[in-house]
Amino acid sequence: MERIETHAHFGGTQDVYTHRSETLGGDARVGVYLPPQAASGPCPVVYFLSGLTCSEQNVITKAGAQRYAAEHGLILVAPDTSPRGEGVPDDEAYDLGQGAGFYVDATEEPWAARYRMYSYVTQELPTWVDANFPTLPRRAIMGHSMGGHGALVIALKNPGMYRSVSAFAPIVAPTQVPWGHKAFGAYLGSDRETWRSWDACELVATATEQLPLLVDQGTADSFLDAQLQPERLKAACERAAYPLTLRMQPGYDHSYYFIASFIGEHMAFHASHLKGG
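Notes on the structure in this doc start here. (Residues numbered from 1 in each chain as written. Predicted model: local features only at pLDDT ≥ 70, side-chain atom pairs only at ≥ 80, totals over all residues. Heavy atoms only, no water.)

1. Points about helix 9 (residues 230–240)
Applicable threshold: When a residue's accessible area, from a 1.4 Å probe over protein chains only, is under 20% of the maximum for its type it is buried; when over 50% it is exposed; and in between it is partly exposed. Only DSSP runs of H or I reaching four residues or more are called helices, and only runs of E reaching two or more are called strands; each is numbered from the N terminus. This arc is taken over the directions from the axis of the helix to the C-beta atoms. Whether two residues touch is decided by their heavy atoms; if any such pair falls within 4.5 Å, the residues are in contact.
Here helix 9 has its buried residues at P230, L233, A236 and C237. When helix 9 is viewed along its axis, its buried side chains cluster within an angular range of 120° and face the same direction. Those residues of helix 9 that are exposed and angled more than 90 degrees off the buried face are E238 and R239. For helix 9, the secondary structure elements touched by its buried residues are helix 4 (146–157), helix 7 (200–204), strand 8 (213–218), helix 8 (224–228) and strand 9 (245–249). Once helix 9 finishes, A241 follows within two positions and takes phi at roughly 55°, a positive value.

So, in C-alpha cells, the structure goes:
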C-alpha cells in the first residue's frame, strides 16, 4: 500500500492510502483517520460509505467527523465509492459507473469483473484495515444516500459483523425508485426478483439480527419524494418489529451541511454501541 496524504487532525492523523485490490481488479483509495488513542492501543472502527459522485474525499474534508472520532477513540475508514481508472467501465451519467458502484456485486457485463463493491467492503477492506492498523474486533457502519443504502444492506446481510448502523438520507428501497432501477438494471440484470436481496426494506423482513439503527433525513432534500422515501423503511421496520430511530430534520437538504450538522450525534451513537466486549 502507499500513503498518498497525511494530515495532523484533532490530535490524530487523517491519511489517504492506495492499495492493490484483488476484488476490484486495480488500485483502491481509502481514507483512514487514526484518533490519538490509537497511539497507545487498538480502537474500534467505524466505516463510512459515501454517495453518488463522491470519493473518500467528501466525508474526510466536509463532514467534520474526525473531531468526534478523536473524542470517542474511533478509527474512521472511508473507502471510495467504486473502482476507478483506465480500463474501468464507466457511463456518461453521474448515477452509473465510476463514482456510482451502489455497493453491490455486479453480475452483468461490462461491470461484473470490476464492480464488486459489496465484496470489497465486507471482505477485503476490513481484512486490509485490520492487518495494517491498531483495530479492535468491534465495527459499526454508516453512510450517505447511495452509501446509506450500502450501509443498511451490508449490515443486514452480515449478521454479527457490525454492532450498529446509521445513515444520512439513504436510498432505502432501490427496487422502487429510479436510481435503483437504473443501477440495478445495469449491474444485476433485468430479473427484478434478484434485486430484492440488495434492498434494505426487503432485507429487514427476514433479518436474523436486530442492530441499533439510526436514520436522519432532511425535509428539504430535493431527492426525498422521488428517490429516498424513508416512509418505506419505517413501514418495513414496523412490520418486522425492527428497532428504527428515524429523525426527519426540518429544513435540511441532501448536502454535507446536513451531514456535518448531525455527524457528531451519529459518532456518539456508534461509540455507545462499540464500548466493551
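2. What to know about the pattern of salt bridges
So the rule is basically this: Salt bridge, as used here: a side-chain nitrogen of Lys or Arg that lies within 4 Å of a carboxyl oxygen of Asp or Glu.
Within the structure shown, the criterion is met by 9 salt bridges. In this structure, R84 engages D80 in a salt bridge whose closest nitrogen and oxygen atoms are separated by 2.6 Å. We classify D80 as buried; its relative accessible area is 7%. Two residues, R247 and D216, come together in a salt bridge whose shortest N-O distance is 2.7 Å. Note that R247 is positioned in strand 9 and D216 in strand 8, a separation of 31 residues in sequence. Judged by relative accessible area, D216 falls into the buried class, the value being 0%. One network of salt bridges, in which partners are shared, links E193, R196 and E202.

Everything listed here is a matter of coordinates, which is why it stays silent on function.
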